[in-house]
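In case you want the letters, here they are:
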Amino acid sequence: MKHIVIIGNGISGITAARNIRKRSNDNITVISGETEHFFSRTALMYIYMGHMKYENTKPYEDWFWKKNKIELVKDVVEKVNTESKQLVLRDKGNLHYDVLVIASGSKSNKFGWPGQDLKGVQGLYSFQDLQLMEENSKNIKQAVIVGGGLIGIEMAEMLLTRKIQVTFLVRENEFWSNVLPLQEANLITRHVRSHHVDLKLNTELKEIQGDANGKVKSIVTNKGEVIDCQFVGLTVGVSPNIEFLKNSGIETKRGVLVNKFLETNVKDVYALGDCVERKYELPGRRTVEQVWYTGRMMGEVVAQTICGQKTKYEPGPWFNSAKFFDIEYQTYGNVWSELKPNETEFYWEHESGTKCVHVIWDKITNQFLGLNTFGIRMRHECFDKWLREKKSIDFVMEHLAEANFDPEFFETHEGEIIRKFKKATSIISQ
Amino acid sequence: MKYLKPLGLALFITGFAIFNISFFWSSYQLTPEIVKGKISDERKATTLLQEARDLIGTDASSNFKFVAALSAALDKVNENQLSVFGFTNQELDQLAAYNKEKFSIASVDSVFKSENEQNAFKRKSFKDYGGWLDGQATSREQIQNVADNIKKYGIVNQFGFDRYAVKDLKYSLTKASATSPVKSNPALFLFLTIGLCIIGSLLYILPKLQLPAGIKNNGVFFNAMKNVQWLGILTGSWLILFYVLLYFYPEYMTNWVIMVDPVSKLLSGNEAGRFFLYGFIYTLCILVMGVRMIINYRHSKYQILRTCSVMFFQTAFAFLIPEIMIRLNQPYFDFKNIWPLDYSFFFNNRIDTLLANGGLGVFMLVWGIALIIIAVPVLVYFFGKRWYCSWVCGCGGLAETLGDPYRQLSNKKLSAWKIERWMIHSVLVFAVVMTAGVLYTYFTNSSWVFFFDSYKLREVYGAFIGAGFAGVVGTGFYPLMGNRTWCRFGCPLAAYLGIIQRFKSRFRITTNGGQCISCGNCSTYCEMGIDVRWYAQRGQNIVRSSCVGCGVCSSVCPRGVLNLEVKEEDGRFGKAILIGNNGIRLAD
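Residues numbered from 1 in each chain as written. Chains lettered and ligands numbered in written order. Predicted model: local features only at pLDDT ≥ 70, side-chain atom pairs only at ≥ 80, totals over all residues. Heavy atoms only, no water.

**Brief notes about the overall build of chain A**
Next up, step 1: Helix and strand counts for chain A stand at ten helices and 26 strands.
Next up, step 2: Against the globule reference of 22 Å for 430 residues, chain A gives a C-alpha radius of gyration of 23 Å, in line with a compact fold.
Next up, step 3: Overall size of chain A, expressed as C-alpha extent along the three principal axes, is 70 × 60 × 40 Å.
Next up, step 4: By the burial criterion, 59% of the 430 residues in chain A qualify as buried.
Next up, step 5: Contacts in chain A between residues at least 24 apart in sequence constitute 59% of all its contacts with a sequence separation of at least 6.
Next up, step 6: Of the roughly 18,100 Å² that chain A leaves accessible, carbon and sulfur atoms contribute 48%.
Next up, step 7: Placing the 57 positive and 56 negative side-chain charges of chain A at their respective mean positions leaves the two points 3 Å apart. (Helix = DSSP H or I, 4+ residues; strand = E, 2+ residues; numbered from the N terminus. Rg over C-alpha atoms; globule rule 2.2 N^0.38 Å. Buried < 20%, exposed > 50% of the residue type's maximum accessible area, 1.4 Å probe, protein only. Contact = heavy atoms within 4.5 Å. Areas by Shrake-Rupley, 256 points an atom, 1.4 Å probe, with all protein chains shown as cover. Lys, Arg positive; Asp, Glu negative; His and termini not counted. Charge placed at Lys NZ, Arg CZ, Asp CG, Glu CD.)

**Observations regarding the domain arrangement of chain A**
Residue and element names in this part refer to chain A.
Next up, step 1: Taken domain by domain, chain A holds domain 1 (3–107 + 239–306), domain 2 (121–236) and domain 3 (319–429).
Next up, step 2: At the interface, 22 residues of domain 2 touch 19 residues of domain 3.
Next up, step 3: Note on domain 2 versus domain 3: buried area summed over both sides is about 1,700 Å², and carbon and sulfur give 68% of it.
Next up, step 4: Taken together, the links from domain 2 to domain 3 amount to one salt bridge.
Next up, step 5: Between E349 and R190 there is a salt bridge, with the nearest N and O atoms lying 3.1 Å from each other.
Next up, step 6: In this assembly, domain 2 and domain 3 are joined by seven residue pairs in polar contact (both at pLDDT 80 or more).
Next up, step 7: Among the secondary structure elements, those contributing two or more residues to the side of domain 2 that touches domain 3 are α5 (150–161) and α6 (182–194).
Next up, step 8: Considering each element in turn, the side of domain 2 that touches domain 3 owes the most residues, eight residues, to α6. (Domains from an automatic or database assignment. Buried area = accessible area lost by both parts, 1.4 Å probe. Salt bridge = Lys/Arg side-chain N within 4 Å of Asp/Glu carboxyl O. Polar contact = N/O pair within 3.5 Å; in protein donor to acceptor, adjacent residues only side chain to side chain.)

**Section: the pairing of strand β5 (residues 507–511) of chain B**
All names here are of chain B.
Next up, step 1: Within β5, five of the five residues are buried, which leaves it mostly tucked inside the rest of the structure.
Next up, step 2: Taking every second residue as pointing to the same face, both faces of β5 are buried, with F507, I509 and T511 on one and R508 and T510 on the other.
Next up, step 3: Relative to strand β6 (residues 562–566), β5 runs antiparallel, the two sharing five bridges. Residue pairing for β6: R508 is matched across the bridge by E565. (Pairing = 2+ DSSP bridges.)

**Things to note about the sheet that holds strand β23 (residues 327–333) of chain A**
Residues and elements named next belong to chain A.
Next up, step 1: Ordered by their spatial adjacency, five strands build an open sheet running β22-β23-β26-β25-β24, and the pairing between neighbours is antiparallel. The two strands at the open ends of the sheet, each matched to only one other strand, are β22 (319–324) and β24 (343–349). Across the sheet, the mean angle from the axis of one strand to that of its neighbour is 10°, orientation sign disregarded.
Next up, step 2: Here β23 runs beside strand β26 (residues 368–374); their pairing, made up of five bridges, is antiparallel. From the neighbouring strand, G333 faces β26, where its bridge partner is G370.
Next up, step 3: With respect to the sheet, α6 is in contact with β22, β23, β24, β25 (356–362) and β26, its orientation differing from that of β24 by roughly 30°. (Axes fitted to C-alpha atoms, helices over the stretch in contact; angles between N-to-C directions.)

**Comments concerning the sheet that holds strand β4 (residues 77–81) of chain A**
Residue and element names in this part refer to chain A.
Next up, step 1: Taking strand neighbours across the sheet as the criterion, the three strands line up as β4-β5-β6 in an open arrangement whose pairing is antiparallel. Two strands in the sheet have a free side with no partner beyond their single neighbour: β4 and β6 (93–96). Between one strand axis and the next, the sheet turns by 25° as a mean value, whatever way the strands run.
Next up, step 2: Relative to β6, strand β5 (residues 86–89) runs antiparallel, the two being bridged by four bridges. The partner of L87 across the bridge, within β6, is L95.

**Description of the packing of helix α1 (residues 11–23) of chain A against helix α7 (residues 292–306) of chain A**
Residues and elements named next belong to chain A.
Next up, step 1: Direction vectors running N to C along α1 and α7 enclose 30°, while the axes themselves pass 7 Å from each other. Judged on the interaxial angle alone, α7 and α1 are roughly parallel. Judged by the sense of rotation from one axis to the other, the crossing of α1 with α7 is right-handed. Between α1 and α7, the contacting residues are I11, S12, T15, A16, N19, I20 and R23 on the first element and W292, G295, R296, G299, E300, V302, A303, Q304 and I306 on the second.
Next up, step 2: Within the contact of α1 with α7, the residues separate by chemical class into seven nonpolar, six polar and three charged. (Parallel < 35°, antiparallel > 145°, perpendicular 65-115°, else oblique. Left-handed = near helix turned anticlockwise from the far one by under 90°. Nonpolar A, V, L, I, M, F, W, Y, C, P; charged D, E, K, R; others polar.)

**What about the nonpolar core?**
Next up, step 1: Ranked by size, the top nonpolar core spans 125 residues in total, and within it V80, L87, I102, I188 and F383 of chain A carry the most contacts.
Next up, step 2: The leading source of residues in this core is α7 of chain A, at eight residues.
Next up, step 3: What F383 of chain A contacts, discounting residues up to four positions off in sequence, is Y332, F368, L371, M378, V396, L400 and A403 of chain A.
Next up, step 4: The next biggest cluster of nonpolar side chains, apart from the first, holds 74 residues, and it includes V220, L354, A431 and V532 of chain B. (Core = buried A, V, L, I, M, F, W, Y, C linked by side-chain atoms within 4.5 Å.)

**Description of the packing of aromatic side chains**
Next up, step 1: Scanning all chains against the criterion turns up 74 aromatic pairs over all chains.
Next up, step 2: Consider the rings of F85 of chain B and F121 of chain B, whose centres lie 5.5 Å apart with planes at 75°: the pair is edge-to-face. In this pair, F85 of chain B is assigned in helix α4 (residues 63–85) and F121 of chain B in helix α7 (residues 117–130), connecting sequence segments 36 residues apart. With respect to class, F85 of chain B is no different from F121 of chain B; both count as buried.
Next up, step 3: Between Y278 of chain B and Y282 of chain B, the aromatic rings sit 5.4 Å apart at their centres with planes inclined by 80°, giving edge-to-face as the arrangement. Of this pair, Y278 of chain B and Y282 of chain B both sit in helix α15 (residues 274–296), four residues apart, which is roughly one turn of that helix. Note on accessibility: Y278 of chain B and Y282 of chain B belong to one class, buried.
Next up, step 4: Stacked on the ring of Y48 of chain A, the Lys or Arg R162 of chain A has its end atom at 3.9 Å from the ring centre. (Phe/Tyr/Trp six-rings, centres within 6.5 Å; stacked < 30°, edge-to-face > 60°. Lys NZ or Arg CZ within 6 Å of the ring centre and 35° of its normal.)

**Observations concerning the domain arrangement of chain B**
Interface size, as often reported, equals the accessible area lost upon joining of the parts.
Next up, step 1: Looking at the assigned domains, one finds that chain B contains domain 1 (1–26 + 180–205), domain 2 (33–177), domain 3 (206–407) and domain 4 (414–494).
Next up, step 2: Using C-alpha coordinates to define each centre, domain 1 of chain B is positioned 36 Å away from domain 4 of chain B.

**What to know about the pattern of salt bridges**
Next up, step 1: One pass over the structure, following the stated rule, counts 46 salt bridges over all chains.
Next up, step 2: Of the charged contacts, one joins K216 of chain B and D326 of chain A as a salt bridge, the two residues approaching to 2.6 Å between their closest N and O atoms. Here D326 of chain A lies in the loop between β22 and β23 and K216 of chain B lies in the loop between α11 (186–205) and α12 (230–248), a pairing that spans two chains.
Next up, step 3: The exposure class of K216 of chain B is partly exposed, given its relative accessible area of 31%.
Next up, step 4: The partner of K124 of chain B in a salt bridge is D128 of chain B, and the shortest N-O contact between them spans 2.8 Å. Within this pair, K124 of chain B and its partner D128 of chain B are both found in helix α7, separated by four residues, close to a single helical turn.
Next up, step 5: One network of salt bridges, with partners in common, ties together R292, R306, E400, D404, R407, R484 and E527 of chain B.

Okay, structure coming up:
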């Protein structure tokens, strides 16, 4: 029996462990320095807001691991020795592996701002970050968040539930406009503002200022504005957490470099999830993808490979989702922040200004390329199929109602969307 | 606007405090008129007046003192009558001596030969209760048994007060004897208690309209009320106490019943009973907390319609129509209550009442049976059990409104699911056996079915399941174990609906491809304790007998993963499949 050791108990590592267990009787050990049990990282915000307790964020009951003979070790891996196949753990000494799976996730970015290590300045990624945030935000009145991405908006929502005034510095012209087309970015920008977040667009952080106790007291923007605050959230992205691999012989660049089979340059060492950088291109995908779904899919793939059925990591059409305060967002296929030369678009927005649908297709072939939907739930299954089958935009619009996944009795908008789509496209074709 | 919420809270607390104070705020004076008004048998009335003479003309300062004295007087009456009419050991020895070989019923006449009332009773009752001994070899013990039965059933019934009469008299005499500010001004007190609570609650709830629509579970797990902390425990204890009083000691809560007398008279023309009070408060809870539910979920049409539906069915079907039926001299009937939740539907007194009421009564009987054998399976097939549990049912209605703040307290463990299946199906079996026994008795007039007494069985069911489980535990445990404790672990109708939902229905909760992020909101807020996430994260339809289709899992899902759907049955029990990953075949 092999000893398969997995570093990291996030969605990637745990998916790998569970799927290996389904296929083999090998010994499986999962090491994490973060928490004893797997929990859903995406639910951290709900613990802070009081929607859930930490217990509620664990997808499996604690007996599950023993029952499935997955050994859990709470410790930090300090070094990997690929020659002797040994891990050096901070507390528990050396651990031998036959197969190593690296799923060590990310860490928050810090870009060397003056004052970035003051007390009260932090990112939000780990369970420890959450505990720190709990402590840092106690009895404070004002907070500043830097960086207009998904974690930033979560942090804003979290802090508002504690009645803390939030100023949000975003480098772009509209919120998340490096990812979203302008129309959606604008819709979300309005929504964020409707929640009384002081959203400062085109604004960057220049400096964080502390008081005599080394605690943050204000920040200075690139426009020279000084904003008082007792908390600064740095949410300017995350990068692979791979420092412990230094000198291990495992090839890394931004992340751990892997081939199509998620193999690293060292035999019997695999890597997956946030910490990975693909050596090869996949159309429409970045080489480092820090997304829940990516980690999960890689876990499924690597488990098959380790259990003898060598499988390439070939994700299907891109999909993702998020929630911005009260507005849900789903995306299927590729909708870039700016149209590519071969692309054309149709955008519909509900009169309430809180729902919209944005479709992209190929100008010449009419092939449907992607959709963003805000405030209307749509079926993953439909779009997955249509994208794989390269359906035309007309087909997709004709069948749009089939893809609706809103609860019963919800107002439907497909009729209006299709009518406006037809009107818009007929003008174009004239 | 800022002050509305605290003002509402203050009004609610004031109203609730007056309500509790009014429980104690009364003195009691029994009069011969009251006794004679409540006991039609003149002789019984006189004997009670004799024993309760200390209560006549003097004020008892509290319900506890008054009920204790009244209780003692009623016991004393029974005790006296038993000593007057009971068989002495000597008499029984004599009877045994007469009948050494075989029992001859004629010997009774010889033992009790002198002509007086006692002997006349003894002769007649022994012949009634012991007639079957005639001509048989009989032991002293058997003779003793007959005498004991006469004591238990005959004497107390004829000359004293049996259990039911004692319970009823304690309540009705106490209510009639009360002299209190509440009694002089019931309408005023109704306003100062329940009225203030309603106004306070609404003022507390309405400012939520200022917040943007959407899921706002902020602080639920920091809240002393919603997280089994001091306030929740206190609330649960109060509710439990209320239910124990209501079902088992109603004589103490007469002041509360007096408050709603004017409402009852307005509706049915009768004085209020304790269950009128209960129904009245119950309906108001559903209405007021229904408003809260609608405001909280105003972004979801499904939740709005569902809540309006339970508010309507409770107000019209459970509360108003039955009262109006009484006003029209028709039988009390709740057209939406279904056996076996309505466990007394087949009790002989109810069937007799319906049959005695001509066409309408027969219609009600047929309607009730049609609900059981047609409406349940057909509607569950097309819509799932939610058509009843979270759209129509009164218990469900209360759980979805008053109980909504506690939905996150249901236990999601696998072990809890196991216990749930054993418990709820046991109650269903119990209800079916009990009802079969009751019907057997109805058609044969024999109370013994195999080895049990159907009267005893229905009594046990009523006390332990009907009152104890559905009432005391069902609602009292809202703040302790979640709002669907009864529906999940105890309701036999839910079990019946659930069996059909599991095996023959178009209803299921579908999951949206690979979009689940395992956050756990769905499981946390499932009031039935279903670990929804378990299915969602592996892309499997949720087909569970217990799901009441409240739709909250779908509402709280931040990624649009869950949807309640009715579709063709094919593929309902779909394999776990997560979309979006080529080349992966999931192992089982």
